Amino acid sequence: MKIGLQIRLLSLGLLLSTALLIGIVVYWGFHALIMNQQRESLESFVALETERLKTAFSEIQHDIQFIAEIPAISKIIHAHHAGKFSIEREEKSNLGLLFKELLKTKPHYDQIRLIEAANQGKELVRVERNLGEVLIVKESDLQQKSTRDYFAEILHSDPGHVYFSKINLNREHGTIEIPYKPTIRVALPIYQATNQLFGLVIINMNFKTFIDDLFHIQPGRYTYFLTNPDGDFLIHPESSKTFGFEFGKPNAAQAEFPDLIPLFISSGQEFVTEWKDLSFSNPVLIHFRKIGIFPDDPKRFLMFGVTASFGDIQTGTNIILLKVFAITLVLILIGLALTFSLTTRLTRPLEWLTDSTKRFAKGLAISSRPPHEKNEIGILSQAFDHMVASINQKENQVASMNRQLLKANTDLAHFVYLASHNLREPARRMIMLADLICHEGKEGVPPACQDLLIQLQSTSVNLLDQITDFRVFTNLSQGKILRTNVNMEDLIRSLTDEYTYAFQAKEAVITFSPSPSLHVYESLVKVFYKNLLDHTLKHVRSNDIMVSFTAERSTDGWILGIMVTRLSMDQKNLASIFAPLTQATSPHAESGLDLAICKRIIERHRGTLWTEIKENVVHIRFTFGKEG
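Remember, predicted model here, so these are calculated numbers, not experimental data.

### A short note on the overall build of the protein chain
Item 1. Counting its regular elements, the protein chain contains 14 helices and 21 strands.
Item 2. Classification of the 628 residues of the protein chain by burial places 39% in the buried group.
Item 3. Of all intrachain contacts in the protein chain linking residues separated by at least 6 positions in sequence, the fraction that spans at least 24 positions is 61%.
Item 4. For the protein chain, the accessible surface area stands at approximately 36100 Å², while carbon and sulfur atoms represent 58% of it.

Right under this line is the structure:
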């Protein structure tokens, strides 16, 4: 992937990831802020409603204390013990009228009664609300309440102590009244002047109307719950779940809200939690708090709870978030466009530099450089521009020198051709003359001169061979031959076949290593192997030799070689034996160019040539390099 594209993608990725991270942080921060505000709002709301409930119960307590201090009650007690029944009836009538007026002002009071402790808890005065009408119950309809649980509990309470009964469904004549009427009874014992218990005054309060008037419960944001200390629902949005304990089917808050269990059994006072409704988008908060409103038992409490649904706020919040998201998206798109434009401008010199490098490597013309940027990339592109200009200048100089060198080589080749031709003629004439003298005039030549004549003939032949090798050496770099794929093992075996008699004469053992196919100049490789074999056969010390054609795979390619035993070669001259006109130590006369020709062939293949000598073993190793 191009570095310019990488820079663009990296810049765009950083912009998108940063914007996304900021968006997530803003969203969760805003969401947390809204939830905290809703939580605090619900806590304040529950605290306010709790205080209202406490205040309402305090008002009931004051009402029962007020009723207990009505003078008519004292008069009834006095007339009852004095046997003044006419006065007692009159005061009962007056008390009934007072109770009636009080009921009219307290719409959630269902009954106010004066009950005698003796006579099985006979009701002395009873005023009740029936079908919306306040009535004074006739004496013949008054009941005895000694069998009721609250009656015994009140009689055994401390003087001046206000009694609050359990909140349950009202019963008449021992049967639950229908329609169901949740009731709480508030009572206060009445004593005579002698501090002897006379009876009690009691208020029956319709708990449902009391709560409805107090909290104005209606479907909306808030949903109310109220339980007794056991967790039984007294108030629930589903009326079927209230007062289940009266029918042996309790519906406990602990089952509906399992997180409340620790609050019921611990000394904790409140609990706040949060969950999601089925739509998942409308968060619902719940707050439960203990309310201690019963002075007769500090450990007795009601559990008051409110759930709040902030769907409308959440809807408004979502709208705001959508607007923020839309604005953020527009800003991101603008940022992406600016980032793309800026990175394109920054990477344009780098792309030009990359493209120019490729074109320069292929030898193509380089496009004009973009406007100079005063940064590192601009400096680099400018330096590349200067480098290309300098290289072009050097290439022009090298081309000019090559042309001059080519002309000089051409002249030299022509000179070598003419010189070798001119030198070969005298050498051949000397050989011919020496042959004529040896064959035709041998008898007239003194014996001492015959050896000199033979040496002259041998020297002439050597001179002719040296001139021929020199001509080959100087023309080795010329020509238009091409590399081809050559099976080296087949080529080597075909050449050794030509030296069969020579090897037999030396009693040589020939071995071949598996050789690869290489991309070489076949004709030159044949000359190379022939010269090596000729040189080898000339310099072996004795018969019974071993010639091994080796091939070894290396990390840089194949290394081939010829390893010969009993080959005469001086270790000191090892570095110079492939130089032109250098002869290895040998009694044989030779031109001194055969190994130089081998080296020139390896150089033309861009390979390397070296010799390793160990004891009486000489290993000539070489590589043919790669075409390029």
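### Details of the packing of helix α11 (residues 488-498) against helix α13 (residues 522-539)
Item 1. Axis separation between α11 and α13 bottoms out at 11 Å; the angle between their running directions is 50°. Comparing their axes, α13 and α11 come out oblique. The handedness of the crossing between α11 and α13 is right-handed. Note on element contacts: α13 touches α11 through E522, V525, K526, Y529 and K530, opposite M488, L491, I492, L495 and E498.
Item 2. Taken together, the residues of the contact of α11 with α13 break down into 6 nonpolar, no polar and 4 charged.

### Observations regarding the sheet that holds strand β21 (residues 617-622)
Think of a sheet as strands paired side by side through backbone hydrogen bonds, with each pair either parallel or antiparallel.
Item 1. An order of β16-β18-β19-β21-β20 is seen for the 5 strands of this open sheet, with the pairing classed as mixed. Each of the sheet's edge strands pairs with one partner strand only, and the pair in question is β16 (509-512) and β20 (609-614). Here the strands of the sheet are splayed against their neighbours by 20° on average, with no regard to which way each runs.
Item 2. Docked against the sheet, α11 engages β16, β18 (546-554) and β19 (557-565), running at close to 165° with respect to β16.

### Considering empty space enclosed by the protein
Item 1. With the rule as written, the count across this model stands at 1 cavity of 30 Å³ or more.
Item 2. Computed from the structure, the largest cavity encloses a volume of approximately 30 Å³.
Item 3. Taken together, the residues of the lining of the largest cavity break down into 1 nonpolar, 3 polar and 6 charged.

### As for the nonpolar core
Item 1. Core analysis: the largest hydrophobic core is formed by 58 residues, its most contacted members being F57, I67, I73, L95, V201, F207 and F210.
Item 2. Of all the elements, helix α1 (residues 3-68) adds the most residues to this core, at 11 residues.
Item 3. Ranked by size, the runner-up nonpolar core spans 35 residues in total, among them L518, Y521, I545 and L560.

### With respect to the packing of helix α2 (residues 71-82) against helix α3 (residues 85-105)
The geometry of a pair of packed helices is captured by two quantities: the angle between their axes and the separation between those axes.
Item 1. The N-to-C vectors of α2 and α3 enclose an angle of 160°; their axes lie 9 Å apart at closest approach. Taken together, the axes of α2 and α3 lie roughly antiparallel to each other. Handedness of the α2/α3 crossing: left-handed. Contact with α2, carried on its side by A72, I73, K75, I76, A79 and H80, involves I87, E88, E91, K92 and L95 of α3 and no other residues of that element.

### Regarding the side chain of K181
Item 1. With respect to the helices and strands, the residue K181 is situated in the loop between β7 (175-176) and β8 (182-191).
Item 2. Residues contacting K181, with those up to four places away along its chain left out, are D110, R129, N168, L169, N170 and N206.

### A look at the packing of aromatic side chains
Item 1. Applying the stated criterion across every chain, the model contains 22 aromatic pairs.
Item 2. Considering the side-chain rings of F215 and Y224, the 5.1 Å spacing of their centres and the 20° angle between planes classify their relative orientation as stacked. Residue F215 shares its accessibility class with Y224, and that shared class is buried.
Item 3. Ring pairing ties together the aromatic residues F512, F528, Y529, F549, F622 and F624, which thus form one cluster.
Item 4. The ring of F512 is capped by R493, whose NZ or CZ atom sits 4.1 Å from the centre of that ring.

### Regarding the side chain of K106
Item 1. Along the chain, K106 falls in the loop between α3 and β1 (109-116).
Item 2. K106 sits in the buried class, given a relative accessible area of 12%.
Item 3. Residues contacting K106, with those up to four places away along its chain left out, are E59, D63 and R129.

### Observations concerning a nonpolar patch on the surface
Item 1. A grouping of I327, V330, L331, I334 and L338 is seen on the molecular surface, where their side chains present a nonpolar patch of about 510 Å² in accessible area.
Item 2. Relative to the elements of secondary structure, I334 occurs in helix α8 (residues 311-362).

### Things to note about the pairing of β18
Item 1. Examined bridge by bridge, β16 and β18 share 4 bridges and lie parallel to one another. Bridged to I510 within β18 is V547.
Item 2. Note: β18 against β19, 8 bridges, orientation antiparallel. The residue bridging A551 from the neighbouring strand is L560, located in β19.
Item 3. The antiparallel pairing of β18 with β19 creates a hairpin that spans 2 residues between the two strands.

### Points about α13
It helps to recall that an α-helix has 3.6 residues per turn; residues three or four apart then point in one direction.
Item 1. For α13, with 18 residues, the first-to-last C-alpha span of 26 Å sits near the 26 Å given by 1.5 Å per residue.
Item 2. Residues of α13 that are buried: L524, V525, F528, Y529, N531, L532, L533, H535, T536, L537 and H539.

### So, the pairing of strand β14 (residues 302-309)
Item 1. Counting buried residues along β14, 7 of its 8 residues qualify, which places the element largely inside the surrounding structure.
Item 2. Both strand β10 (residues 222-227) and β14 contribute to a ladder of 6 bridges, which runs antiparallel. Directly across from L226, in β14, lies its bridge partner F304.

### So, unusual backbone geometry
Item 1. With an omega dihedral of 0°, the bond running from I178 to P179 counts as a cis peptide bond.
Item 2. Along the chain, P179 turns up in the loop between β7 and β8.
Item 3. One non-glycine residue with positive phi stands out, namely Q120, at about 55°.
Item 4. By secondary structure assignment, the location of Q120 is in the loop between β1 and β2 (123-130).
Item 5. In this model, E507 sits at a positive phi of 50°, which is unusual for a non-glycine residue.
Item 6. In this structure, E507 sits in the loop between α12 (500-505) and β16.

### Quick look at the environment of F210
Item 1. Take F210: it is sitting in helix α5 (residues 207-215).
Item 2. Distance from F210 to Y109, taken between C-alpha atoms, is 8.2 Å for residues 101 residues apart in sequence.
Item 3. For F210, the residues in contact, after removing those within four places along its chain, are L53, A56, F57, I60, H108 and M205.

Thresholds, definitions, all that
Residues numbered from 1 in each chain as written. Predicted model: local features only at pLDDT ≥ 70, side-chain atom pairs only at ≥ 80, totals over all residues. Heavy atoms only, no water. Helix = DSSP H or I, 4+ residues; strand = E, 2+ residues; numbered from the N terminus. Buried < 20%, exposed > 50% of the residue type's maximum accessible area, 1.4 Å probe, protein only. Contact = heavy atoms within 4.5 Å. Areas by Shrake-Rupley, 256 points an atom, 1.4 Å probe, with all protein chains shown as cover. Axes fitted to C-alpha atoms, helices over the stretch in contact; angles between N-to-C directions. Parallel < 35°, antiparallel > 145°, perpendicular 65-115°, else oblique. Left-handed = near helix turned anticlockwise from the far one by under 90°. Nonpolar A, V, L, I, M, F, W, Y, C, P; charged D, E, K, R; others polar. Pairing = 2+ DSSP bridges. 1 Å grid on protein atoms, 1.4 Å probe; cavity = no way out; pocket = protein on both sides within 12 Å on 5 of 7 lines; lining within 4 Å. Points joined across faces, edges and corners; volume = space filled by probe spheres on them. Core = buried A, V, L, I, M, F, W, Y, C linked by side-chain atoms within 4.5 Å. Phe/Tyr/Trp six-rings, centres within 6.5 Å; stacked < 30°, edge-to-face > 60°. Lys NZ or Arg CZ within 6 Å of the ring centre and 35° of its normal. Patch = residues over 30% accessible without salt bridge, like charges linked within 9 Å, V, L, I, M, F, W, Y side chains within 5 Å. Salt bridge = Lys/Arg side-chain N within 4 Å of Asp/Glu carboxyl O. Expected span 1.5 Å × (residues − 1).

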